[in-house]
Amino acid sequence: MKTSPLQPPTVRAARSATLRTTLVLAGSLPAAFAAQAQSSVTIYGIIDQGITKANNGTTPGALLNGRAAPDDWVVKAGNTSRIGFRGQEDLGDGLYARFQFEHRFAADTGAASNANVFWLGRSVVAVGHNRWGEVYAGREYSAAYWVPLNADPTYWSYVSQTGSAYTYANYVAVAATVEASAIRWANSVGYKSPNLSGLSFELATALGEGARKRDSSGNVQYKQGPIWLGLAYDGFDGDNNVAIVAGGYDFGVVYPTASYSRAQGGLNGDATSFTVSVRVPLSFGRAYASYGQLSPATHLDSKMLGAGVEYNLSKRTLLYTNIGSAKGDGLTRTTAFDLGVKHTF
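Because the structure is predicted, anything quoted here is derived from the model rather than measured. For every chain, the first residue of the written sequence is number 1, and numbering continues from 1 along that sequence. Confidence filtering applies because this is a predicted model: local features only for residues at pLDDT of at least 70, side-chain atom pairs given and counted only at 80 or more, and all residues used for totals across whole chains, interfaces and linings. As a rule here, side-chain values cover all heavy atoms of the structure and leave hydrogens and water aside.

Check the secondary structure of the chain and you find 3 helices and 17 strands. Relative accessibility thresholds used throughout: buried, under 20% of the residue-type maximum; exposed, over 50%; partly exposed, between the two (1.4 Å probe, protein chains only). For the chain, the proportion of its 345 residues judged to be buried stands at 42%. In what follows, a contact means two residues having at least one pair of non-hydrogen atoms within 4.5 Å. In the chain, the share of contacts with a sequence separation of at least 24, taken over all contacts with a separation of at least 6, comes to 52%. Calculation of accessible area relied on Shrake-Rupley with a 1.4 Å probe; when residues are assessed, cover is drawn exclusively from the protein chains displayed. If you sum the accessible surface of the chain, you get close to 17200 Å²; carbon and sulfur atoms cover 63% of it. Secondary structure elements follow DSSP: runs of H or I no shorter than four residues count as helices, runs of E no shorter than two count as strands, and numbering proceeds from the N terminus.

So this is what it looks like as structure tokens:
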């Protein structure tokens, strides 16, 4: 800015001071806005590639979750590959907004896990507060899912998993043509509480929008120190639902868990199931083993055993191998093994 040599020195000094003040204020505005609203976006995922083979036992894959086609070598993920995007914006005073979108695919072919639902894993947006919890809407896991997931040492992965057959009592609410996943619901609206001295809960409803009945789900979990306890429910009504209770105690050198589930109605009918599992930390990774039993109303029970080992190559990459075996009443035993590598990012 030019000043006239005819201006008095006091006027020139005043204008110069005003200009400096304006520049300082202008430069501080971006920092002020940044302090009020900070945001981040993360790309994450899993790439899992392995080989598996099962014998030609007649106990079906539904009773040995993770099993591929019988009597053949198959390239197959132990844990479904995925890529996702999640972001969160700090709105100040403990408030935040977030989103999460996740696509599932088969790494051996590049094909989507579901041809009709691209964001199969999740497509959800939420607004919350650090002290008061959050409200979310979109495609999200059933609130009941988290309890049986934590009861399974494989987290529903590999051929050794207890999975939906034994921790969810083989409950399937509707056909895949109506809802693409038995453990996720489209058109969900839910609330997740904050952690209250180890206690947390989640409640959700999934609107049917003319395609199915409205679903309701929820869970209550307590995790404090070595103790974990969980209760969960998912259902349309009194005739079509599943309820789960589970718990565990971490002794440090070994972490046993157990679960009991009861299903009513659904596509597979009434059933009960239970599991007992153990996970053992090792210097190079961990080992785990499980037993599960499913007792449907038909009285044609099935029992499974599974065990596996994970070897950590780094914080993000591990090798795994597992064996699982199941036998249903009146059927021959099906046994499968897998071997693979999983990278998370």
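This part is about the nonpolar core. Core analysis: the biggest nonpolar cluster contains 23 residues, and Y168 and I244 have the highest contact counts within it. For this core, the secondary structure elements donating two or more residues are helix 2 (146–151), strand 10 (227–237), strand 11 (240–249) and strand 12 (255–264). For Y168, the residues in contact, after removing those within four places along its chain, are S142, A144, P148, W156, G163, A182, I183, D234, V242, I244, S261 and S273. Only buried Ala, Val, Leu, Ile, Met, Phe, Trp, Tyr and Cys residues count toward a nonpolar core, and they belong to the same one when joined by side-chain atoms within 4.5 Å. Core analysis: the second largest hydrophobic core is formed by 11 residues, L64, Y166, L294 and A326 among them.

The patches described consist of residues with a relative accessible area above 30% and no salt bridge, like charges being joined within 9 Å and nonpolar side chains (Val, Leu, Ile, Met, Phe, Trp, Tyr) within 5 Å. Each salt bridge in this description consists of a side-chain nitrogen of Lys or Arg and a carboxyl oxygen of Asp or Glu lying within 4 Å of one another. On the surface, a cluster of nonpolar side chains totalling about 840 Å² of accessible area is made up of L196, L199, F201, L203, V220, L231, V245, Y260, F274 and V276. Listed by contribution, the elements that provide at least two residues to the nonpolar patch are strand 8 (199–206) and strand 13 (271–282). Mapping L231 onto the fold places it in strand 10. Of the residues examined, L231 reaches a relative accessible area of 49% and is grouped as partly exposed.

Moving on, we get to the side chain of S81. Looking at the element boundaries, S81 is found in strand 3 (residues 81–92). Overall, S81 belongs to the buried group, its relative accessible area being 1%. Residue contacts for S81: discarding those within four places in its chain leaves I46, I47, D48, H103, R104, F105 and A107.

A word on the pattern of salt bridges. In total, this model carries 8 salt bridges according to the counting rule given. For E140, the salt bridge is made with R122, and the minimal N-O distance between the two is 2.7 Å. Of this pair, E140 sits in strand 6 (residues 133–141) while R122 sits in strand 5 (residues 122–129), and the two are 18 residues apart along the sequence. By relative accessible area, R122 is classed as buried at 11%. With a shortest N-O distance of 2.8 Å, K213 and D237 are connected by a salt bridge. Taken together, the residues K213 in the loop between strand 8 and strand 9 (215–224) and D237 in strand 10 connect sequence positions 24 residues apart. If you follow the salt bridges from partner to partner, you end up with R122, E140 and K192 in one network.

Considering the arrangement of structural elements, one finds L229 in strand 10. Taking C-alpha positions, L229 is 9.6 Å from A151, a pair spaced 78 residues apart along the chain. Once residues within four sequence positions are removed from consideration, L229 is found in contact with V220, Q221, Y222, A246 and G247.

Overall, the prediction assigns the chain a mean pLDDT of 91, with 89% of residues at 70 or greater. Low pLDDT, under 50, characterises residues 1–35; the stretch is placed with 7 contacts to residues that sit more than four places away or in other chains. A residue's pLDDT is simply how confident the predictor is in it, with values from 0 to 100.

For the rest of this paragraph, the subject is the packing of aromatic side chains. We call Phe, Tyr and Trp rings a pair once their centres come within 6.5 Å, taking the six-membered ring for Trp, and we label the pair stacked below 30 degrees between planes, edge-to-face above 60, and tilted otherwise. Across all of its chains, the model carries 17 aromatic pairs by this definition. Plain terms: the ring middles of F99 and F101 are 6.0 Å apart, the flat faces sit at 50° to each other, and that makes the pair tilted. Overall, the relative accessible area of 28% leaves F99 in the partly exposed class. On the basis of relative accessible area, F101 is assigned to the partly exposed category, the value being 30%. Members of the aromatic cluster, each reached through a chain of ring pairs, are Y141, Y145, W146, W156, Y168 and Y171. Note on geometry: a ring has a charge over it if NZ (lysine) or CZ (arginine) is within 6 Å of the ring centre and within 35 degrees of the ring normal. The cationic tip of R86 hangs over the ring face of Y44; the distance from NZ or CZ to the ring centre is 4.1 Å. Seen from the ring of Y136, K192 lies directly overhead, with NZ or CZ sitting 5.3 Å from the centre.

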